[in-house]
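# Close look at the chain arrangement
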Amino acid sequence: MTIQAKKSLAQAPAYSPGRPIDEIKRQYNLEQVTKLASNENPLGASPLAQEAVRNAAEDIFLYPDPDGYALRHALASHIGLPPNQFIFGTGSDGLIELICKTFLSEGDESVMPHPSFSLYELNVLAAGAMPRKVLLRNNQGYKPVDLLAAITPKTKVVWLCNPNNPTGGMYTEQEQLAFLEALDEHILVVIDEAYYEYACHLPTFPKSLALLQSRKNIIILRTFSKIYGLAGLRVGYAMADPALIAELEKARPPFNVCAPAQKAAIAALTDKAFVEKSLALNNAGRVYLETEFSRMGLSYIPSATNFIAVDTGHDSKMVYERLLAAGYIVKGGHVLDLPGYLRVTIGTPEQCAGFIRALSKVLQDLSE
């Protein structure tokens, strides 16, 4: 007799992460491989955060602070919210899982744009609920009001990814407010701002934190994995009304964020120079890639993040695999429901230039 998993998981594909560098080196017998697949910071982590991790090593035999007191108060000061409006997770991923575990049951529905971050759908299904996906406009972007037509009496959670992953586009403050005004306040809205630091300076980017003053049905997600460069330590945070935080705490695993991660996150918050340097590098890299894509005659989706989705005009799986053989790991549209596209992390100038050379050769070979 075969042990059966939940029926709701039958339609759920496993998450497809960016391939590890060492794996590609082994598979293709390469000495040099560049990873531009997982939207990691090409500068690494703040030197202050790295030093905090080294200093934390002597205490790794102790369980971490389960409440994250020091990080909680550091973020409260940094962002300007009371400490009881935060909860921490193993990256945004862990918080998405926690939200589904806390607020979704068998027979519930959850609405999300598509394509968007695939872990929304996977965790909704794992909770026994049903995802209702709303297609992006021309595979590029969406306005939150587009999701209203998918709302039913069974809808319990709506996911808004802004800027959206994997396309990189963002919706505006007015578009977010229009959606919230039209939505029943008994429906939970999760605003995923994993790429917040790359977009928050844009004049029309939503001021989501202000919503927490008057709305009790909103959870905002952010992470230390992107601009802060702490992807390997897995620390993210959510902000919400204290009543929602209290419900999430009931289902949160104890000690879910390790001590080195907590201390690195605190240190990363203080290193404003590193964040500014990372943003400047990213902005320059984005302009370079956009210019090169245009020169090559390739269309791309305008991005407010640290990645760009570019239409290769060819089978994305084939282009992806040929780039692997050339030593460049990207994310292929064949696993993102973006046929023909590649999602490319904006790297250093050298990485971006090398990628363009490799992509040009691959496309030239495919066109011959």
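Anyway, here's the lowdown on the structure attached to this text. (Residues numbered from 1 in each chain as written. Predicted model: local features only at pLDDT ≥ 70, side-chain atom pairs only at ≥ 80, totals over all residues. Heavy atoms only, no water.)

## Quick notes on empty space enclosed by the protein
For the coordinates displayed, the defined rule picks out two cavities of 30 Å³ or more. In this structure, the largest cavity occupies an estimated 80 Å³ of space. Lining the largest cavity are 14 residues, and of these P66, D67, G68, F88 and R252 lie nearest its centre. Counting residues per element, the ones that place at least two in the lining of the largest cavity are α3 (69-79) and β2 (86-89). Taken together, the residues of the lining of the largest cavity sort by class into six nonpolar, three polar and five charged. (1 Å grid on protein atoms, 1.4 Å probe; cavity = no way out; pocket = protein on both sides within 12 Å on 5 of 7 lines; lining within 4 Å. Points joined across faces, edges and corners; volume = space filled by probe spheres on them. Helix = DSSP H or I, 4+ residues; strand = E, 2+ residues; numbered from the N terminus. Nonpolar A, V, L, I, M, F, W, Y, C, P; charged D, E, K, R; others polar.)

## Details of the packing of helix α4 (residues 91-103) against helix α8 (residues 242-251)
Here α4 crosses α8 at 95°, and the two axes come no closer than 9 Å. Taken together, the axes of α4 and α8 lie roughly perpendicular to each other. Counting all contacts with α4, which are made through L98, I99, K101, T102 and F103, the residues of α8 involved are L244, E247, L248 and A251. Looking at the contact of α4 with α8 residue by residue, the classes come out as six nonpolar, one polar and two charged. (Axes fitted to C-alpha atoms, helices over the stretch in contact; angles between N-to-C directions. Parallel < 35°, antiparallel > 145°, perpendicular 65-115°, else oblique. Contact = heavy atoms within 4.5 Å.)

## Focus on the packing of aromatic side chains
This structure, assessed with the given rule, holds eleven aromatic pairs. Between F293 and Y300 the ring centres are 6.2 Å apart and the planes differ by 45°, which places this aromatic pair in the tilted class. On the basis of relative accessible area, F293 is assigned to the buried category, the value being 0%. In textbook terms, an aromatic cluster arises when at least three aromatic residues are bridged by ring pairs, as seen for F86, F224, Y228 and Y237. Above the plane of the ring of Y196 lies R222, whose end atom (NZ or CZ) is 3.5 Å from the centre. (Phe/Tyr/Trp six-rings, centres within 6.5 Å; stacked < 30°, edge-to-face > 60°. Buried < 20%, exposed > 50% of the residue type's maximum accessible area, 1.4 Å probe, protein only. Lys NZ or Arg CZ within 6 Å of the ring centre and 35° of its normal.)

## Quick notes on the pattern of salt bridges
Inspection of every chain in the model, using the stated rule, returns 20 salt bridges. One salt bridge in this structure joins K216 and D241, with 3.2 Å as the shortest N-O distance. Remark: D241 occurs in the loop between β8 (236-240) and α8 and K216 occurs in the loop between α7 (196-199) and β7 (218-223); sequence separation between them is 25 residues. On the basis of relative accessibility, which here comes to 52%, the residue K216 falls in the exposed class. With a relative accessible area of 11%, D241 lands in the buried category. The shortest N-O distance in the salt bridge between D365 and K361 comes to 3.0 Å. Here D365 pairs with K361, and both are found in helix α12 (residues 349-367), just four residues apart, close to one helical turn. A residue is classified by how much of its surface remains accessible, and D365, at 32% relative accessible area, is partly exposed. The structure contains a network of salt bridges with shared partners spanning D67, R72, E249 and R252. (Salt bridge = Lys/Arg side-chain N within 4 Å of Asp/Glu carboxyl O.)

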